[in-house]
Amino acid sequence: MSTHNDLLETLTAALGKDAVLVDPDVTDSYRRDMMPLAPHGSPLAVVLPGDAGEVQAVVRACAAAGVPIVPRGAGSGLSGAANAIDGCVVLVTTRMNEILEVDPDNRLAVVQPGVVNLELRGAVEKHGLFYPPDPSSYDWCTIGGNLSTNAGGLCCVKYGVTTDSVLGLEVVLADGELLRTGRRTVKGVAGYDLTKLFIGSEGTLGVITQATLALRPLPQAPGTLVAAFSTVAAAGAAVSRVVREGIVPSLMEIMDATSIEAVETHLKTELGAGKGCAALLLCQSDSGGEAARRELTAIEQVCQDVGADLVHSTFDPAEGQMLLAARRAVLMALEIYGAWMTDDVCVPRTRIADLISGCERISSEVGLRVAVVGHAGDGNMHPTIVYDPTSEDEFARANQAFNDILEVGLSLGGTVTGEHGIGKIKREWLEREIGPIGLRVHRSIKAALDPENLFNPGSMFAM
């Protein structure tokens, strides 16, 4: 206990008493993220450093005391990667929220990890620039969390995931030293790509304190297309045809019947799908002008060729935003039926229909509602299980469904996570996917950078 008291005194001296939280009523809200399945413990303290120097002080103090550190952003994660373990220090980066630089000439921004994704987008837009990664929680998730999980979003089909927009990082290592990776140039291949090593590492290798991000020219206001299908197979065929014909929309999302019903009930509006709609495809093109019209016309023709019951295109920004808002509202809409836990699997785009059919089978087997929505353009699906949180039986069945969905995803040649990460709920699935040699390499990298297992022990894999 005296060691813990000494640690708390050291942390308070370094950060100030307002930045070291120990009251259980306060620290309780920092124990877990948005994934109900993931285990979580009670932290010794929650610290909120204001700069890289204070992060270094926290790391050195905790290392000396032998107390583990769990880095955390806003808590929007869906894998338990930022969940506390008993006796740890949760290091929250939300106070490090400055946009340090926007360089329009070199199309880059330098930011601290606590910057909210949407705020960065708004700031660079004033310079005619665009930061592409857009997780569904973009209005409150932070860049640091996006980096740590290699978050994706709705626009990945054209712009890729977070790592595709990162030039370099600043990271505090387990010995308290400050590592700078990457560069500010467009090209750069000197040495190992340490930047990509830390992106998606879920706080197990270091604490990201700064990022240099690549920006793009601001795209045109998007045109939007919605297509309704009476079978999931037809919707899947449309996705495959779009990909095969080389059409690259800026967004291509799919919603199953359960998702459509929930959103229409929640928003008290009709999405135009009509009765008997088994799947809805939502596409956008931000190419602008005639190029966007050609893209949407080509997608419309594909949808009609495979038997869409309805296809509607619009270049009215308000109507397009309404349709996109409906897609983003799925998880909130499902709350009318109960609590939810959302899965995250990525399958080959030709197997999307098979995954949705598999989820329908699992829903029937466990007796729970399973809604499927996802990024059809890259095959990243989010089957979401709805259950009664007060029922132990339903929670157990939801847990079973969650794992059954992962099994289906792997059997279709997919991966157990496309953007949410492994965290503390998919450790055994990571081992199954990458195999013993892959796991050994992971452990070797972890041991080399964090030999005392200081950062986020037990997340992703056990040492």
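Before any of the text, the structure's been laid out above.
Residues numbered from 1 in each chain as written. Predicted model: local features only at pLDDT ≥ 70, side-chain atom pairs only at ≥ 80, totals over all residues. Heavy atoms only, no water.

A. Summary view of the state of the cysteines. A complete count under the given rule lists zero disulfides for this structure. Here Cys141 is not cross-linked by a disulfide; its sulfur's nearest cysteine counterpart is in Cys156, at 12 Å. Its sulfur unpaired, Cys303 is 6.1 Å from the next cysteine sulfur, which belongs to Cys283. Here Cys303 falls in the buried class, since its relative accessible area comes to 0%. (Disulfide = S-S within 2.5 Å. Buried < 20%, exposed > 50% of the residue type's maximum accessible area, 1.4 Å probe, protein only.)

B. Spatial organisation of the sheet that holds strand β6 (residues 108-111). Strand order across the open sheet formed by five strands is β5-β6-β10-β8-β9, with antiparallel pairing between neighbours. Strands with a single pairing partner mark the edges of an open sheet, and in this sheet they are β5 (99-103) and β9 (178-182). Put simply, the sheet's adjacent strands are angled 10 degrees from each other on average, direction ignored. Along the sheet, helix α3 (residues 52-65) makes contact with β8 (166-172), β9 and β10 (207-214), crossing β8 at roughly 45 degrees. Sitting on the sheet, helix α4 (residues 117-125) is in contact with β5, β6 and β10, with an inclination near 35 degrees to β5. (Pairing = 2+ DSSP bridges. Helix = DSSP H or I, 4+ residues; strand = E, 2+ residues; numbered from the N terminus. Axes fitted to C-alpha atoms, helices over the stretch in contact; angles between N-to-C directions. Contact = heavy atoms within 4.5 Å.)

C. Focus on α4. Burial in α4 covers these residues: Asn117, Leu120, Arg121, Ala123 and Val124. Projected down its long axis, α4 carries its buried residues within an arc of 165 degrees, all on one side. Residues of α4 that are buried in the fold lie against β5, β6, β7 (129-130), α5 (143-149) and β10. (Arc of directions from axis to C-beta.)

D. Spatial organisation of the packing of helix α14 (residues 392-411) against helix α15 (residues 427-449). It is the contact of α14 with α15, at a shortest axis distance of 12 Å, that shows an interaxial angle of 10 degrees. When the axis of α14 is compared with that of α15, the two are roughly parallel. Read as a crossing pair, α14 and α15 show a hand that is right-handed. Along its contact with α14, which presents Asn403, Leu406, Glu407 and Leu410, the element α15 presents Glu428, Trp429, Arg432 and Glu433. Classifying every residue of the contact of α14 with α15 gives three nonpolar, one polar and four charged. (Parallel < 35°, antiparallel > 145°, perpendicular 65-115°, else oblique. Left-handed = near helix turned anticlockwise from the far one by under 90°. Nonpolar A, V, L, I, M, F, W, Y, C, P; charged D, E, K, R; others polar.)

E. Looking closely at the pairing of strand β18 (residues 370-375). With respect to burial, β18 is a largely interior element, six of its six residues being buried. Of the two faces of β18, the one carrying Val370, Val372 and Gly374 and the one carrying Ala371, Val373 and His375 are both buried. Bridging between strand β13 (residues 251-256) and β18 involves three bridges; their strand directions are antiparallel. Among the inter-strand pairings, Ile254 is bridged to a residue of β18, identified as Gly374. Where β18 and strand β19 (residues 380-387) come together, six bridges link them in antiparallel fashion. Paired with His375 across the two strands is Asn380, which belongs to β19.

F. Main features of a nonpolar patch on the surface. There is a patch of nonpolar side chains on the surface, built from Ile437, Val441 and Ile445 and spanning about 240 Å² of accessible area. With respect to the helices and strands, the residue Val441 is situated in helix α15. On the accessibility criterion, Val441 (39% relative accessible area) is partly exposed. (Patch = residues over 30% accessible without salt bridge, like charges linked within 9 Å, V, L, I, M, F, W, Y side chains within 5 Å. Areas by Shrake-Rupley, 256 points an atom, 1.4 Å probe, with all protein chains shown as cover. Salt bridge = Lys/Arg side-chain N within 4 Å of Asp/Glu carboxyl O.)

G. Quick look at the packing of aromatic side chains. Going through the model one piece at a time under the given rule, you end up with two aromatic pairs. Their ring planes at 75 degrees and their centres at 5.3 Å tell us that Phe130 and Tyr159 sit as a pair that is edge-to-face. Of this pair, Phe130 sits in strand β7 while Tyr159 sits in helix α6 (residues 156-159); the two residues are 29 residues apart in sequence, bridging distant segments of the chain. Like Tyr159, Phe130 is buried. Ring centres of Tyr387 and Phe395 lie 5.8 Å apart, and the angle between their planes is 65 degrees; on these two criteria the pair is classed as edge-to-face. Overall, the relative accessible area of 5% leaves Tyr387 in the buried class. On the basis of relative accessible area, Phe395 is assigned to the partly exposed category, the value being 29%. Between the NZ or CZ atom of Arg293 and the centre of the ring of Phe315, over which it lies, the distance is 4.2 Å. (Phe/Tyr/Trp six-rings, centres within 6.5 Å; stacked < 30°, edge-to-face > 60°. Lys NZ or Arg CZ within 6 Å of the ring centre and 35° of its normal.)

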